[in-house]
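# Survey of secondary and tertiary structure
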Amino acid sequence: MEYFTTEYFIHSWTVRSENALIGVGGTSDLVGAQGKLVVFIASLLQRAGIARMDEFGELLAVFADTVAESEPGEAAMLNQLAAALRRNPVAN
């Protein structure tokens, strides 16, 4: 089983957060750090054989839908993270 490189996802998430989150609350160090933490946790779950990254992304998207009822800005950021996890080229 192949695993993505941490550098790939850190760069990838930073670029997406800067491009996709404009108008959703802007970008900040906190948003970037939280995104990287979610990717890190997802990679550990995949490595341990608990959940594939794309599966974690699907579950995160469902969670984002629930959050959207009360916090649409937070849900938008969670959806961006979910999309990044689902697009992982080695998630399967």
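Residues numbered from 1 in each chain as written. Predicted model: local features only at pLDDT ≥ 70, side-chain atom pairs only at ≥ 80, totals over all residues. Heavy atoms only, no water.

The next point concerns the side chain of Q46. Considering the arrangement of structural elements, one finds Q46 in helix α2 (residues 29-47). Take Q46: its relative accessible area is 5%, and that puts it in the buried class. For Q46, the side chain forms a polar contact with the main-chain nitrogen of M53, separated by 2.8 Å. (Helix = DSSP H or I, 4+ residues; strand = E, 2+ residues; numbered from the N terminus. Buried < 20%, exposed > 50% of the residue type's maximum accessible area, 1.4 Å probe, protein only. Polar contact = N/O pair within 3.5 Å; in protein donor to acceptor, adjacent residues only side chain to side chain.)

Turning to its location among the elements, R52 is positioned in the loop between α2 and α3 (53-67). Overall, R52 belongs to the partly exposed group, its relative accessible area being 39%. Between the C-alpha atoms of R52 and R86, which are 34 residues apart in sequence, the distance is 9.4 Å. Among the polar contacts listed, one links the side chain of R52 to the side chain of D54, at a separation of 3.0 Å.

Attention now moves to the nonpolar core. Grouped together as the largest cluster of nonpolar side chains are 12 residues: V39, A42, M53, L60, A61, A64, V67, A75, L78, L81, A82 and L85. Taken together, the elements giving at least two residues each to this core come down to α2, α3 and α4 (72-86). (Core = buried A, V, L, I, M, F, W, Y, C linked by side-chain atoms within 4.5 Å.)

This prediction gives the chain a mean pLDDT of 76; 66% of its residues lie at or above 70. Here residues 21-25 is a poorly scored stretch, pLDDT under 50, and it has 11 contacts once near neighbours within four places are set aside; other chains count. (pLDDT = per-residue confidence, 0-100. Contact = heavy atoms within 4.5 Å.)

This paragraph deals with α3. With 15 residues, α3 should reach 21 Å at 1.5 Å per residue; the first-to-last C-alpha distance of 20 Å fits that figure. Residues of α3 that are buried include every one of M53, D54, G57, L60, A61, A64 and V67, and no others. Projection of α3 onto a plane perpendicular to its axis shows the buried side chains occupying an angular sector of 115°, all on one side. Residues of α3 that are exposed and point over 90 degrees away from its buried face: L59 and V62. (Expected span 1.5 Å × (residues − 1). Arc of directions from axis to C-beta.)

Before going further, it helps to examine the packing of α2 against α3. One way to put it is that α2 packs onto α3 with a least axis distance of 9 Å and a crossing angle of 130°. Here α3 runs oblique to α2, going by the angle between their axes. Read as a crossing pair, α2 and α3 show a hand that is right-handed. Of the residues in α3, those touching α2 at V38, V39, A42, S43, L45 and Q46 are M53, F56 and L60. Here the residues of the contact of α2 with α3 sort into 7 nonpolar, 2 polar and no charged. (Axes fitted to C-alpha atoms, helices over the stretch in contact; angles between N-to-C directions. Parallel < 35°, antiparallel > 145°, perpendicular 65-115°, else oblique. Left-handed = near helix turned anticlockwise from the far one by under 90°. Nonpolar A, V, L, I, M, F, W, Y, C, P; charged D, E, K, R; others polar.)

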